[in-house]
Amino acid sequence: MPDLSSGQPVLSVIMIGNVGSGDFWDSFKHSGEYLDAVSDPMDRWAKRVVTPIAAKAGGEALFPSDGPPYHPFQKWASRSETLFPSPIGLFISPDWGTWHALRAAILLPFKIEISTAEQEMSNSSLTSPCLSCEGQPCLKICPVDAFGVDRDYDYLACAYHVASDAGTSCASKGCLARRACPVGQQYVLSSEHAAFHMFAFINERKLMGEI
Ligand code: B12
Ligand code: SF4
Ligand code: SF4
């Protein structure tokens, strides 16, 4: 965890994110950032909304898109919620599956006493749903075999597929592998929300000249 820009050490971190689409997507859709058609609308929206909240609390905000190098948001989040790494790189909750996204972290120079995921886990001895998942469908459904247990996620094979005519299902409803997971099915992103992220993913690959 980096120090605050004043040099003060960080003693508490509040992780901010959303689970599924719901109210989060509705609020975002009505924001100026979504409607102004300029790039990175969700990142700009999160910065505008969270930065003043962090300052008012006497801290500073960091964002998952800051980088590279990127801050390890997934690891930070797994210390505040019961989350485990999954075979497809995303972190998974026993309650809502992989359907969370992280929007910001508020770093504070003072200590807040809250129960941590580690305490909750030792209380309830929760284990990763992936350990008891029959057949691990997330690893079998990707049309271009982008995931494997012993190799990195092949994001370029994924991007080529999603950008092609054959990739319409992934592009319009979201990653098939993520959707194949039986955990947290009630939190699957709405098609509109999923398509927004997939468009951003493909558009960035095109802008970077990767595909
Ligand atoms: C770089 C990045 C990517 C790169 C990954 C490049 C790679 N080599 O694998 C790309 C652009 C491909 C990517 C894509 C996606 N990503 Co991404 N990505 C990040 C980002 C900005 C940084 C990751 C990082 O370097 N961390 C720092 C290092 C130290 O930590 P690490 O644990 O070693 O990080 C590795 C993994 O995070 C992995 N990774 C990142 N994203 C993904 C997605 C998948 C499917 C896999 C297998 C691996 C993977 O790549 C990192 C480097 O090896 C994080 C935000 C953050 N700051 O963490 C989001 C993040 C990890 N991504 C996220 C998501 C949701 C996605 C997408 C599913 C978004 C979408 N389109 O819906 C897509 C996947 C495309 C698909 N098939 O659906 C979420 C994960 C939430 C969760 N439940 O765990 C994060 C936390 C962003 C957020 N705002 O919440 N991503
Ligand atoms: S399908 Fe099974 S192995 Fe894959 S992420 Fe979901 S619970 Fe884990
Ligand atoms: S979006 Fe489609 S092509 Fe990409 S990893 Fe998921 S299932 Fe595979």
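Just so it is clear, the structure is predicted and the values come from calculations on it, not from any experiment.

## Quick word on the site of ligand 3
- Around ligand 3, 13 residues are found, and the nearest of them are Cys 142, Phe 147, Cys 158, Cys 170 and Cys 175.
- Residues belonging to the shell around ligand 3 are distributed by class as follows: twelve nonpolar, one polar and no charged.

## Concerning the site of ligand 1
- Not every one of the 25 residues close to ligand 1 is listed here, only the nearest: His 71, Gln 74, Ile 88, Phe 91 and Leu 102.
- In this structure, a nitrogen atom belonging to ligand 1 sits 3.2 Å away from a main-chain N or O atom of His 100.
- A distance of 3.0 Å separates a nitrogen atom of ligand 1 from a polar atom in the side chain of Tyr 153.
- Mapped by element, the contributors of at least two residues to the shell around ligand 1 are α4 (73–77), β5 (100–108), α6 (155–163) and α9 (191–207).

## Thoughts on the pattern of salt bridges
- Scanning the model with the defined rule gives seven salt bridges in all.
- Of the charged contacts in the structure, one is a salt bridge between Glu 192 and Lys 29, with a shortest N-O distance of 3.1 Å. Taken together, the positions of Glu 192 in helix α9 and Lys 29 in helix α1 (residues 22–29) put the pair 163 residues apart, joining distant regions of the chain.
- For the salt bridge of Glu 210 with Arg 205, the shortest nitrogen-to-oxygen distance reads 2.4 Å.
- Residue classification places Glu 210 among the partly exposed residues on the basis of a relative accessible area of 23%.
- Taken together, the shared-partner salt bridges in this structure form one network comprising Glu 204, Arg 205 and Glu 210.

## Topic: the sheet that holds β5
- Ordered by their spatial adjacency, three strands build an open sheet running β1-β5-β2, and the pairing between neighbours is antiparallel. Two strands bound the open sheet, and with one partner strand each, they are β1 (12–19) and β2 (60–62). Direction aside, neighbouring strands of the sheet carry axes that sit 25° apart on average.
- The pairing of β2 with β5 spans three bridges and is antiparallel. Counted as the bridge partner of Ala 61 is Ile 106 from β5.

## Focus on unusual backbone geometry
- The omega angle of the peptide bond from Gly 67 to Pro 68 is 0°, so this bond is cis rather than trans.
- Tracing the chain through its elements places Pro 68 in the loop between β2 and α4.
- Of note, the amide linkage connecting Pro 68 to Pro 69 takes the cis form, showing an omega dihedral of 0°.
- Backbone geometry places Gln 136, a non-glycine residue, at a positive phi of 40°.
- You can see Gln 136 is positioned in the loop between α5 (117–124) and α6.
- A relative accessible area of 27% means that Gln 136 is categorised as partly exposed.

## Details of the pairing of β5
- In terms of residue burial, β5 counts as a mostly covered element, since eight of its nine residues are buried.
- In terms of strand pairing, β1 meets β5 through eight bridges, oriented antiparallel. Looking at the pairing, Val 13 lines up with Leu 107 of β5.

Conventions and cut-offs
Residues numbered from 1 in each chain as written. Chains lettered and ligands numbered in written order. Predicted model: local features only at pLDDT ≥ 70, side-chain atom pairs only at ≥ 80, totals over all residues. Heavy atoms only, no water. Near = heavy atom within 4 Å. Nonpolar A, V, L, I, M, F, W, Y, C, P; charged D, E, K, R; others polar. Polar contact = N/O pair within 3.5 Å; in protein donor to acceptor, adjacent residues only side chain to side chain. Helix = DSSP H or I, 4+ residues; strand = E, 2+ residues; numbered from the N terminus. Salt bridge = Lys/Arg side-chain N within 4 Å of Asp/Glu carboxyl O. Buried < 20%, exposed > 50% of the residue type's maximum accessible area, 1.4 Å probe, protein only. Pairing = 2+ DSSP bridges. Axes fitted to C-alpha atoms, helices over the stretch in contact; angles between N-to-C directions.

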